[in-house]
Structures are given as C-alpha cells and as structure tokens.
Amino acid sequence: MIVVTDKKSLASQLFSQRQNDKKIGFVPTMGALHRGHLALVNRALKENDIVVVSIYVNPTQFDNQTDLQKYPRILQSDKALLEGLNGNILLYTPNNEDIYGEEVRSEAFNFSELERKMEGKYRKGHFDGVATVVSKLFEIVKPHRAYFGEKDFQQLLIIKELVRMKNLPVEIIGCPIVREENGLAMSSRNKRLTPEQLEKATIIHQTLSDVREKFESHTIPALNEMVRERFLQEPSLELEYFQIAEASTLEEAKQNKADDQYRAFIAAYCGEVRLIDNMALN
Ligand code: PAF
C-alpha cells in the first residue's frame, strides 16, 4: 500500500492510472477505522481498479471542540487494517494545510430543508464543514465512484445533493450500516465508550428494531411517545432526537402513507459520546 501525505504526490500517483483509463474508487474517512469502513473499502476494491482512502479529521465539521480533540486518532493501526485487505489501495493522510491552505474554514452551502433537521439542526455548521471537505477531497482525488455509509444517512443525502448541485462527475454509492454482534452500529466514536457503555448503547439499535416491528400497527405519535418513554427510563443514555422521516426528503412523518419509504433516526449521548443510528422501517 502506498501512503501519501500531500495532494501533489497523490495526483502524480493517480496520473498514470487515469492515463490508462483505470477506474478510481474513493473512501473518505476520519480514521479510527472499523469493519464499517473496511466494508466500504472492500466494495470499492471490487468495483474499481484502484481505491483511494483518505484519513483526515476535518476540524470544520465539528461543532464541539471536545469532540474534535477526543476524536480517536490511531493511524498506525488504521494502516495495518488497510494493509490487511491486500488490495490496490492508495492511502492519503493530509494535514490541514494540504486541504485548506492557510485558512481552515467552511464554505456556506444551501441544502435547504435537507440540512435543517436532525444533524443539521443539532450540530450547527456541521454540513457546511462536511460539504466543504468532501468538495475539496473530490477535487483532489477526482474519483469515478465514492462510497459512504448509511449510518450517516443524512450526510449521504447531502453529498448526493452536493454532487447534483455542482454537477460533479462522480457516482455516490451508499452502503449498508455494519453492526456489532449485539446490534450497535459501528462507529469510530464507539472506541471512546467503556465496556459498560458499549452494552448500554445497544438500546439505540433495540429501540429502532422495536419501532420497525411496530411500524405498521402503531401510529407515528404513539411510536414517538414509546421511544421517549424508553429513553427516560434509561439514565445512562440521553436522547437528543428521535424522528421518523420520509427516506428521500427526510421530511418528518406525521402519518404512515402506504407508498412512501420511511426511516427512523436516533441521536443520543452515552456519557459525553454522541451516537447516531437509523433504520429503514418499510
Ligand atoms: O463520514 C465521515 O467520516 C466524514 O464526515 C467524511 C465524509 C470523511 C468527511 O470528513
């Protein structure tokens, strides 16, 4: 596996690939890789000739400085995991200057309704930061296909919208959430949880599964109430939001219409670690 730390070296590595009409897949990450990331890389390896993986903890998408400082950074073990895949991987690990130049700041985007709810509502500026860094990374890597996990489902829709707005020549591929055996969605932030918290956090997935099971037989207000009650009974988790939304617009659902596709979304704090998860309901 070749590792480059600046965009010039990355471009020269990719130059001959492009000349030879090779397909470039891209998996952008913030590191602390887990099986969810590896599933994205494996899929990208299957569908492309070479896969660029970026590891860069992007400061502009954090609304909370403690979260940024405490975000796990474990480059050596990340490298070992990627090496273990034995694929044609080019790892790009830039610093702030390589991505932003002198001024580390977000551009302002307008994703209208898509960004006003859930993650966009509770993490001010988050999607401007994500869209800024993803635009910059797309410009640097110029991939044919880019892979994102459905755990960040709203992010996935925002990035599809970004590509549509800027008319970028990249195909965005969303990949299913990868879970621990007990159902907890894989997340780099799980590394900050104690073994006890890891156990408690499974309530998030259990709740989503219960909502899915009851979706056809209960009204949406009743399900909202059920979830709120459940979290009130569990002091080790603090619910930030629960929402059932139409899956393509993320419009909050008030009632279940037969032809629409719905997903349920949760954000909750376990101690000071913020966790998100979501699930298709029909
Ligand atoms: O999903 C993530 O890890 C990040 O938001 C991304 C897409 C790598 C941008 O920093």
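Each remark here, short or long, concerns the structure printed above.
The text that follows walks through the structure, step by step, so that each part is easy to find. Computed from a predicted model, the values in this text were never measured in an experiment. (Residues numbered from 1 in each chain as written. Predicted model: local features only at pLDDT ≥ 70, side-chain atom pairs only at ≥ 80, totals over all residues. Heavy atoms only, no water.)

## So, the overall build of the protein
Heads up, the condition is: Going along the chain from the N terminus, every DSSP run of H or I of four or more residues is numbered as a helix, and every run of E of two or more is numbered as a strand. Only C-alpha atoms enter the radius of gyration, while the globule expectation follows 2.2 Å times N to the 0.38, with N the number of residues. When accessible area is computed with a 1.4 Å probe and restricted to protein chains, residues below 20% of their type maximum are described as buried, those above 50% as exposed, and intermediate ones as partly exposed. Residues are treated as being in contact if the distance between any of their heavy atoms lies within 4.5 Å. Computed with the Shrake-Rupley method and a 1.4 Å probe, the accessible areas treat only the protein chains shown as cover for residues. Here the positive residues are Lys and Arg and the negative ones are Asp and Glu; neither His nor the chain ends is included. By convention, the point assigned to a charge is CZ for Arg, NZ for Lys, CD for Glu and CG for Asp.
For the protein, the count of helices and strands is 12 helices and 9 strands. Over its C-alpha trace the protein gives a radius of gyration of 19 Å, about what one expects of a compact globule, namely 19 Å for 282 residues. Counting only C-alpha atoms and orienting by the principal axes, one finds that the protein spans roughly 60 × 40 × 35 Å. The buried share of the protein, taken over its 282 residues, is 52%. Long-range pairs, those at least 24 residues apart, make up 72% of the contacts in the protein with a sequence separation of at least 6. Put simply, the protein shows about 13,700 Å² of open surface, and 47% of that area lies on carbon and sulfur atoms. Separation of charge centres in the protein, based on 37 positive and 41 negative side chains, amounts to 3 Å.

## Some thoughts on the site of the ligand
Operational definition: Throughout, near means a residue has at least one heavy atom within 4 Å of the molecule or strand. Within 3.5 Å is the distance limit for a polar contact, defined as a pair of N or O atoms, with the added protein rule that one can donate a hydrogen and the other accept it, and that residues adjacent in sequence qualify only through two side-chain atoms.
All residues adjacent to the ligand are Pro28, Thr29, Met30, Asn58, Gln61, Val133, Phe148 and Gln155. At 2.7 Å from an oxygen atom of the ligand is found a side-chain nitrogen or oxygen belonging to Gln61. A distance of 2.7 Å is found between an oxygen atom of the ligand and a side-chain nitrogen or oxygen belonging to Gln155. A total of 290 Å² of accessible area belongs to the ligand in isolation, and the protein chains cover 90% of it.

## Points about the sheet that holds strand β4 (residues 89-92)
Put simply, the test is: The pairing criterion is simple: DSSP has to find at least two bridges between the two strands. Axes here mean lines fitted to C-alpha atoms, for a helix over just the part in contact, with angles spanning 0 to 180 degrees between N-to-C directions.
Reading across the sheet, the 6 strands line up as β1-β4-β3-β2-β5-β6 and stay open at both edges, with parallel pairing between neighbours. The open sheet has two edge strands with one neighbour each: β1 (2-4) and β6 (171-175). Taking each pair of neighbouring strands and ignoring which way they run, the sheet shows an average axis angle of 25°. In this structure, strand β5 (residues 145-149) lies alongside β6, joined through 5 bridges in parallel fashion. When the bridges of β6 are listed, Ala146 appears paired with Ile172. Running over the sheet, helix α9 (residues 153-166) touches β5 and β6 and is turned about 170° from β6.

## As for the sheet that holds strand β7 (residues 237-246)
Spatial ordering of the open sheet is given by β7-β8-β9, a layout of 3 strands whose pairing is antiparallel. Strand pairing shows two members of the sheet lacking a second neighbour, β7 and β9 (273-280), which therefore form its edges. The sheet shows a mean angle of 15° between the axes of neighbouring strands, taken without regard to direction. One ladder, built from 9 bridges, connects β7 with strand β8 (residues 262-270); its direction is antiparallel. Residue Ile244 lies in a different strand from β8, and its bridge partner there is Ala264. Where helix α11 (residues 202-214) meets the sheet, it contacts β7, β8 and β9, and its direction lies at approximately 25° from that of β9.

## Concerning the pairing of β8
Most of β8 sits inside the fold, with 8 of its 9 residues counted as buried. Turn length for the β8-β9 hairpin, with the two strands adjacent in sequence and antiparallel, is 2 residues, and the turn residue Gly271 shows positive phi of about 65°.

## A word on the pairing of β4
Of the two faces of β4, the one holding Ile89 and Leu91 and the one holding Leu90 and Tyr92 are both buried throughout. In this sheet, β4 lies alongside β1 in parallel orientation, the contact comprising 3 bridges. Of the residues in β4, the one forming a bridge with Val4 is Tyr92. Bridge analysis of strand β3 (residues 50-55) against β4 gives 4 bridges, and the strand direction is parallel. Counterpart to Val51 in the pairing with β4 is Ile89.

## Overview of the layout of surface pockets
The test is simple: In this analysis a 1.4 Å probe is tested at points of a 1 Å grid over the protein atoms alone, and where it fits but cannot get out there is a cavity; an open set with protein on both sides within 12 Å along at least five of seven lines is a pocket; lining residues have an atom within 4 Å of a point. Grid points are joined across faces, edges and corners, and a volume is the space filled by probe spheres set on the points. Nonpolar residues are Ala, Val, Leu, Ile, Met, Phe, Trp, Tyr, Cys and Pro. Charged residues are Asp, Glu, Lys and Arg, and all others, Gly as well, are polar.
Counted as a void, the second largest pocket has a volume near 200 Å³. Together, 15 residues line the second largest pocket, and Met30, Ile55, Tyr56, Val57 and Arg73 are the ones closest to its centre. Here the residues of the lining of the second largest pocket sort into 10 nonpolar, 3 polar and 2 charged.

## A few points about the nonpolar core
The following threshold applies: Only buried residues count toward a nonpolar core, which is a set of Ala, Val, Leu, Ile, Met, Phe, Trp, Tyr and Cys residues joined through side-chain atoms within 4.5 Å.
Residues Leu10, Val52, Phe138 and Ile172 are the most contacted members of the largest nonpolar core, which totals 42 residues. A total of 9 residues in this core trace back to one element, the largest contributor, which is helix α8 (residues 126-141). Those residues in contact with Leu10 that sit more than four places away from it in its chain are Val4, Val52, Leu90, Tyr92, Ile140 and Val141. Judged by nonpolar contacts, the second largest core, of 26 residues, contains Leu193, Leu208, Ala253 and Met279.

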